[in-house]
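# Notes for the structure review
These are the residues of each chain, in order.
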Amino acid sequence: MISNSYFLNVVRFILLVLVQVLVFNRLNFFGFINPMVYILFLYWYPIKENRAAFIGLAFLLGISIDYFSDSMALHAASTLTIAYMRPAIMRFVFGVNFEFQSFKLSNTTRIQQITFLTLLIVVHHLVFYTLEIFSLANFLLILRKVLATGAVTLLLCLLFGSLFSVRKE
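Residues numbered from 1 in each chain as written. Predicted model: local features only at pLDDT ≥ 70, side-chain atom pairs only at ≥ 80, totals over all residues. Heavy atoms only, no water.

### Some details on the side chain of threonine 153
Basically, it comes down to this: Secondary structure elements are defined from DSSP: runs of H or I of at least 4 residues count as helices, runs of E of at least 2 residues count as strands, and each element is numbered from the N terminus. Remark: exposure states derive from per-residue accessible area (1.4 Å probe, protein chains only) relative to the maximum for the residue type, with buried under 20%, exposed over 50%, and partly exposed in between. Here a polar contact is recorded for every N or O atom pair within 3.5 Å, except that within protein the pair must consist of a potential hydrogen donor and a potential acceptor, and residues adjacent in sequence are included only if both atoms are side-chain atoms. Two residues form a contact once any of their heavy atoms are found within 4.5 Å.
Here threonine 153 shows up in helix α6 (residues 139-163). Its relative accessible area of 0% is what places threonine 153 among the buried residues. Here the side chain of threonine 153 touches methionine 36 through a polar contact of 3.2 Å, landing on its backbone nitrogen. With sequence-adjacent residues up to four places away left out, threonine 153 is seen in contact with Pro35, Met36, Val37, Ile121 and His125.

### Let's talk about unusual backbone geometry
At aspartate 70, a position not held by glycine, the phi torsion is positive, near 55°. Looking at where aspartate 70 falls in the secondary structure, it is placed in the loop between α3 (51-69) and α4 (74-94). Overall, aspartate 70 belongs to the exposed group, its relative accessible area being 70%. The backbone phi angle of methionine 72 is positive, close to 50°, even though this residue is not glycine. In this fold, methionine 72 is placed in the loop between α3 and α4. In this structure methionine 72 comes out as exposed when scored by relative accessible area, which is 75%.

Right, here's the structure in full:
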């Protein structure tokens, strides 16, 4: 029998890939801002799951977006980077609390959740745009794209997070 958690992760994976490819890859705010909301999968993925499976799923997520976007594995490299760095980012944001068995992302403060999501987005976008532009001579262009796209991505991710979160009563 398949677990509810696995089913939910498969549905999230498929829906986020489809929404990214069919909707957000076609948006082009101000000529250069394309939100990348598929990062939410890596944010929502359960913390205590198998790390190797998580890194494999991150690669599969990135390569799926790359396949439909024709972007030469830029998304795969970016998602692999944040999947690998996720424990360090969590340790930075939540302290050693996330290593306990009873830790859940929903039990943390809203500021910690936003900080965690922001760091995932910034690291992802830094890797993505550095590889896309591939020239440190254009550092200001990289920084502009990271900040602008990151802000829009964060806003949309928070919107999606509030729309699809379970209410605590």
